[in-house]
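Chains, contacts and geometry: an overview
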Amino acid sequence: MIRPLRIFIAVVLFVGTGAVAWAYAFLGSKWTTSPVVMQLQLGSSSGRLIDGSRSWNAVARGALAIWNQYLANLQFSVVTSSNTPPGDGDGVNNVFFDNSVYGFSFGDAVAITTEWTRNGGRQRIEADTVFNSTLSWNSYRGNLKRTASGDTLYDLRRVALHEFGHTLGLDHPDDHGQSVKAIMNSRVSNLDSLQADDIRGGQALYGARAGQPRAAFTAPAKRQTETGGPGYTFRGHADIGQVTAVYLSSSRLGARRFIKAYGVQTWHRFVPLKPGSNTIRLQVYTVAGKRVKVAQRIVMRIGN
């Protein structure tokens, strides 16, 4: 028996969040088959988006791929530029822009994901995601941006990550009286990526995928590069947020001399280097104090 749809909203308002114990929340239903096929019907953008994406569909496909890398027992698959007509309660998962949700107003929502279930509301069988076409959209990283008129310029990727979390069966932690840093909180904020709580919530439903990436350099972008100063500011990100330390070691600073690079989702640290070739290694430690694999080696050459 199919249960009536439920509506989940993402209200735009910047809120500060402080990380506490895991606080993810569930809607009460989950998928029992995999893959979950998503029909992407967002279309092409009028030009290259801020982050370089070529279309809205490409942004949504990327958001689904981000969730996929963490989950063991469920994967999203994609039909890009689908011509399947959106329908409510038809068993098809449509993703599209519109100025209403099957005739219902968005209210103050940025996007809405519907929920259709059976077996007493435990098994998910459909989830359509509708993005509010009356708003201004782009795709970018960092803090929320404004349009020339002062309105919010919404980042499709971060909103898609949130809505596809609802597709998986995650609810808003802050709607359950919890305070946690999460993209699944009910209000869109300056957070632009999945947080540790989001990932743990998805994995609690569908298991953790083995061999997922842990950390990486974003600067420098090349494995071998040159710099003219006495050191270099390394930057990177941890793809799983619950780490306690990111360390850089330099072959020119003595054996196993580690410099802590502060940050969880993103980190940076200036490392003093010597003239010649410097091999830099990255290591990550989890909350349990367990070291995970070295993500990358970079050779830096500094002029004399």
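Heads up: these notes are all about the structure in this document.

Conventions adopted
- Residues numbered from 1 in each chain as written.
- Predicted model: local features only at pLDDT ≥ 70, side-chain atom pairs only at ≥ 80, totals over all residues.
- Heavy atoms only, no water.
- Helix = DSSP H or I, 4+ residues; strand = E, 2+ residues; numbered from the N terminus.
- Buried < 20%, exposed > 50% of the residue type's maximum accessible area, 1.4 Å probe, protein only.
- Pairing = 2+ DSSP bridges.
- Contact = heavy atoms within 4.5 Å.
- Axes fitted to C-alpha atoms, helices over the stretch in contact; angles between N-to-C directions.
- Phe/Tyr/Trp six-rings, centres within 6.5 Å; stacked < 30°, edge-to-face > 60°.
- Lys NZ or Arg CZ within 6 Å of the ring centre and 35° of its normal.
- Core = buried A, V, L, I, M, F, W, Y, C linked by side-chain atoms within 4.5 Å.
- Lys, Arg positive; Asp, Glu negative; His and termini not counted.
- Salt bridge = Lys/Arg side-chain N within 4 Å of Asp/Glu carboxyl O.
- Polar contact = N/O pair within 3.5 Å; in protein donor to acceptor, adjacent residues only side chain to side chain.
- Expected span 1.5 Å × (residues − 1).

The omega angle of the peptide bond from Ser-34 to Pro-35 is 10°, so this bond is cis rather than trans. Checked against the element boundaries, Pro-35 lands in the loop between strand S2 (25–26) and strand S3 (36–41). Positive phi values are uncommon outside glycine, yet Ser-81 reaches one of about 55°. When its relative accessible area of 56% is taken as the criterion, Ser-81 is described as exposed. In this model, Tyr-102 sits at a positive phi of 50°, which is unusual for a non-glycine residue. Summarising the element assignment, Tyr-102 is placed in the loop between strand S5 (93–98) and strand S6 (109–114).

Here the focus is the sheet that holds strand S11 (residues 145–146). Read across the open sheet, the 3 strands follow the order S10-S12-S11; overall the sheet is mixed. The sheet is open, and its two edges are formed by strand S10 (136–138) and S11, each paired on a single side. In this structure, S11 lies alongside strand S12 (residues 152–155), joined through 2 bridges in antiparallel fashion. By the bridge assignment, Arg-146 is partnered in S12 with Thr-152. Packing of helix H2 (residues 156–168) onto the sheet brings it into contact with S10 and S12, and relative to S12 it is tilted by some 55°.

As enumerated under the stated definition, the model contains 8 aromatic pairs in all. A ring pair is formed by Phe-96 and Tyr-102, whose centres lie 6.0 Å apart and whose planes are at 65°; its orientation type is edge-to-face. Its relative accessible area of 5% is what places Phe-96 among the buried residues. Taking the relative accessible area as the measure of exposure, Tyr-102 reaches 26% and is therefore partly exposed. Ring centres of Phe-131 and Trp-137 lie 5.6 Å apart, and the angle between their planes is 90°; this geometry places the pair in the edge-to-face category. Considered together, Phe-131 and Trp-137 belong to a single accessibility category, that of buried residues. Three or more aromatic residues joined by ring pairs make a cluster, and in this case those are Trp-56, Phe-97, Phe-131, Trp-137 and Tyr-154. The ring of Tyr-140 carries the charged tip of Lys-145 above its face, separated from the ring centre by 5.3 Å.

We now examine the nonpolar core. By size, the foremost hydrophobic cluster in this structure holds 41 residues, and its most contacted members are Met-38, Trp-67, Phe-131, Trp-137, Phe-164 and Leu-194. Breaking this core down by element, the ones donating at least two residues are S3, helix H1 (56–68), S6, S12, H2 and helix H3 (196–206). Ranked by the residues each element gives to this core, the list is headed by H1, at 7 residues. Residue contacts for Trp-67: discarding those within four places in its chain leaves Phe-76, Leu-161, Phe-164, Gly-165, Leu-168, Leu-170, Leu-194, Asp-198 and Gly-202. Listed in part, the 6 residues of the second largest apolar core include Phe-106, Ala-109, Ile-112 and Val-130.

Quick look at H3 now. Extensive coverage of H3 is indicated by the burial of 9 of its 11 residues. Every buried residue of H3 is accounted for by Ala-196, Asp-197, Asp-198, Ile-199, Gly-201, Gly-202, Gln-203, Leu-205 and Tyr-206. Those residues of H3 hidden inside the fold are in contact with S2, H1, H2 and strand S13 (170–171). Looking at the residues trailing H3, positive phi occurs at Gly-207, about 80°.

For a regular strand, the rule is simple: side chains alternate between the two faces of the sheet. Here 4 bridges tie S3 to S5, and the two strands are oriented parallel to one another. Among the inter-strand pairings, Gln-39 is bridged to a residue of S5, identified as Asn-94. Alignment of S5 against strand S9 (residues 129–132), held across 4 bridges, turns out to be parallel. Each residue of the ladder has a partner; that of Phe-97, found in S9, is Phe-131.

This paragraph deals with the environment of Asn-99. Position of Asn-99 relative to the elements: it lies in the loop between S5 and S6. A C-alpha to C-alpha distance of 9.1 Å links Asn-99 and Leu-135, two positions 36 residues apart in sequence. The residues contacting Asn-99, other than those within four sequence positions of it, are Phe-106, Ser-133 and Thr-134.

Here the focus is the side chain of Glu-163. Relative to the helices and strands, Glu-163 resides in helix H2. Buried charged residue Glu-163 carries no salt bridge. Nearest counter-charge: Arg-124, at 9.0 Å. Of note is the side chain of Glu-163, whose polar atom sits 2.6 Å from the side chain of Thr-113.

A separate point is H1. Taking 1.5 Å as the rise per residue, H1 with 13 residues should run 18 Å; its terminal C-alpha atoms sit 19 Å apart, in good agreement. Listed as buried for H1 are Trp-56, Asn-57, Val-59, Ala-60, Ala-63, Leu-64, Ile-66, Trp-67 and Asn-68.

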